[in-house]
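# Structural features, examined
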Amino acid sequence: RFHRNLMQIESLLIRIISDGNTHKKQELLKHFTSEKELNKTIKKIKSYGLNFIEEGDNYRLESPLELLSKSKIYSHLNNLDCASNLLISVKDIVRSTSREFNPNHVSEKEIKVSLAEYQTSGRGRQQRAWISPFASGVCLSVYQEVTYVNFPVGLSVFIGIELLKSLKNLGLRKLRIKWPNDLYFKEKKLGGLLVELHQSRFGTLVANVGLGVNYKLPAIENWGENLDFKPIDISQVKGSSNLNRNLLTAHFINSIIKSLSSFNGNSLKIIQSDWRYLDMLFNKELKIQVGSEIIKGVSKGIDGEGRLILERNGETKTIVSGHIIG
């Protein structure tokens, strides 16, 4: 047991206390070489955003964790008739799910999915960090070959809308999209997407779709104080009834795989009317940073390519990529 690495020790402690019950310090010490090692591990798992409560020699988590289970996810995907050629990786801690597999090695015969309880370097659009406490969200990346060459903005808009539809089927209503693909509920951010396209060594195009959605955020006062948006999670949106995290994860994977398989040149034209109802920015005055330039205008939805339409002084301008700053 002296050869365990730090990550294994952290995973071990998290699994012991994940039931939400009270655990005595003496009981926990049986799994550690010393009290110093236990204290160091507690400090580390607190840094992952877990609400670890110490009352004297009694330790517990604020509430139980529903950890990801590969077998449960496979089982749910089976019920959804999702692709059989799936390779799923589930890890406790990774740098980023978008770096777990090499898109260069993804062949047409397989779809790879990386899932993690916690990412030390999760990324969002425009290279911004995506921060999510341990087991508090769904962090995943789907790697899949695609047969079309299309600018990723149109693809990511399409995937975002399809994800909202699957959430609606699970009973989550009144969700909105902030262009191009951030998911919101009542002006609070629920999640976001990042789509990258890579050339594989087989000469094909592989999409790497990263998704981060808040599932149940811990009640920590200063959590997320550095974020430029207010977060919300699935459990708050859903209210009384609980939505199983592994089931939710399977629905997300299914939705992304089917979106990547079905996307074509007409996809966005077909969903343009859906966008109108889901668009949280429609008819709002926006400021968008495109490179070093700031463009202002009133949002008029999207065009058939998924680009944002801005209107100013009777003129329209389409934005392919940019950061909405106001």
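Shown above is the structure to which this text applies.
Conventions adopted
- Residues numbered from 1 in each chain as written.
- Predicted model: local features only at pLDDT ≥ 70, side-chain atom pairs only at ≥ 80, totals over all residues.
- Heavy atoms only, no water.
- Helix = DSSP H or I, 4+ residues; strand = E, 2+ residues; numbered from the N terminus.
- Rg over C-alpha atoms; globule rule 2.2 N^0.38 Å.
- Buried < 20%, exposed > 50% of the residue type's maximum accessible area, 1.4 Å probe, protein only.
- Contact = heavy atoms within 4.5 Å.
- Areas by Shrake-Rupley, 256 points an atom, 1.4 Å probe, with all protein chains shown as cover.
- Lys, Arg positive; Asp, Glu negative; His and termini not counted.
- Charge placed at Lys NZ, Arg CZ, Asp CG, Glu CD.
- Pairing = 2+ DSSP bridges.
- Salt bridge = Lys/Arg side-chain N within 4 Å of Asp/Glu carboxyl O.
- Phe/Tyr/Trp six-rings, centres within 6.5 Å; stacked < 30°, edge-to-face > 60°.
- Lys NZ or Arg CZ within 6 Å of the ring centre and 35° of its normal.
- Axes fitted to C-alpha atoms, helices over the stretch in contact; angles between N-to-C directions.

### So, the overall build of the chain
Counting its secondary structure elements, the chain contains 8 helices and 15 strands. By the compact-globule yardstick of 20 Å for 326 residues, the chain fits well, its C-alpha radius of gyration being 21 Å. Seen through its C-alpha atoms, the chain measures out along the principal axes to roughly 70 × 45 × 40 Å. Every one of the 326 residues in the chain was classed for burial, and the buried ones make up 51%. Contacts in the chain between residues far apart in sequence, at least 24 positions, make up 67% of those at least 6 positions apart. Summed over its atoms, the accessible surface of the chain is roughly 15,900 Å², and 47% of this surface lies on carbon and sulfur atoms. With 46 positive and 33 negative side-chain charges, the chain shows a spacing of 0 Å between the two charge centroids.

### A closer look at the pairing of strand β14 (residues 315-319)
Two faces belong to every sheet, and in a regular strand the side chains alternate between them. Note: strand β13 (residues 308-312) against β14, 5 bridges, orientation antiparallel. Paired with Ile 309 across the bridge in β14 is Thr 318. The hairpin formed by β13 and β14 contains 2 residues between the paired strands, and Asn 313 there has a positive phi angle of roughly 50°.

### With respect to the pattern of salt bridges
Scanning all chains against the criterion turns up 12 salt bridges. In this structure, Glu 54 engages Lys 46 in a salt bridge whose closest nitrogen and oxygen atoms are separated by 2.7 Å. In this structure Glu 54 comes out as partly exposed when scored by relative accessible area, which is 40%. The exposure class assigned to Lys 46 is partly exposed, which follows from its relative accessible area of 36%.

### Comments concerning unusual backbone geometry
The omega torsion across Trp 179 and Pro 180 is 0°, close enough to zero to call that bond cis. Secondary-structure assignment places Pro 180 in the loop between β7 (175-178) and β8 (182-185). With a phi angle near 60°, Ala 135 is a residue other than glycine that sits in the positive phi range. Its location among the elements puts Ala 135 in the loop between β5 (111-119) and β6 (137-146).

### Topic: the packing of aromatic side chains
One pass over the full model with this rule turns up 5 aromatic pairs. Judged by centre distance (5.5 Å) and plane angle (50°), the rings of Phe 52 and Tyr 59 are tilted. Among the aromatic residues, those joined into a ring-pair cluster are Tyr 48, Tyr 118 and Phe 134. Above the plane of the ring of Phe 282 lies Lys 300, whose end atom (NZ or CZ) is 5.8 Å from the centre.

### Examining the sheet that holds strand β15 (residues 323-324)
Strand order in the open sheet formed by 5 strands is β14-β13-β12-β11-β15, and the pairing between neighbours is antiparallel. Edge strands, defined here as strands with exactly one partner in the open sheet, are β14 and β15.

### Thoughts on the sheet that holds strand β10 (residues 205-214)
Strand order in this open sheet of 7 strands is β4-β5-β6-β10-β9-β8-β7, and the pairing throughout is mixed. Here the strands that pair on one side only, and so sit at the sheet edges, are β4 (86-94) and β7. Averaged over all adjacent pairs, the angle separating strand axes in this sheet is 20°, with direction ignored. Alignment of β5 against β6, held across 5 bridges, turns out to be antiparallel.

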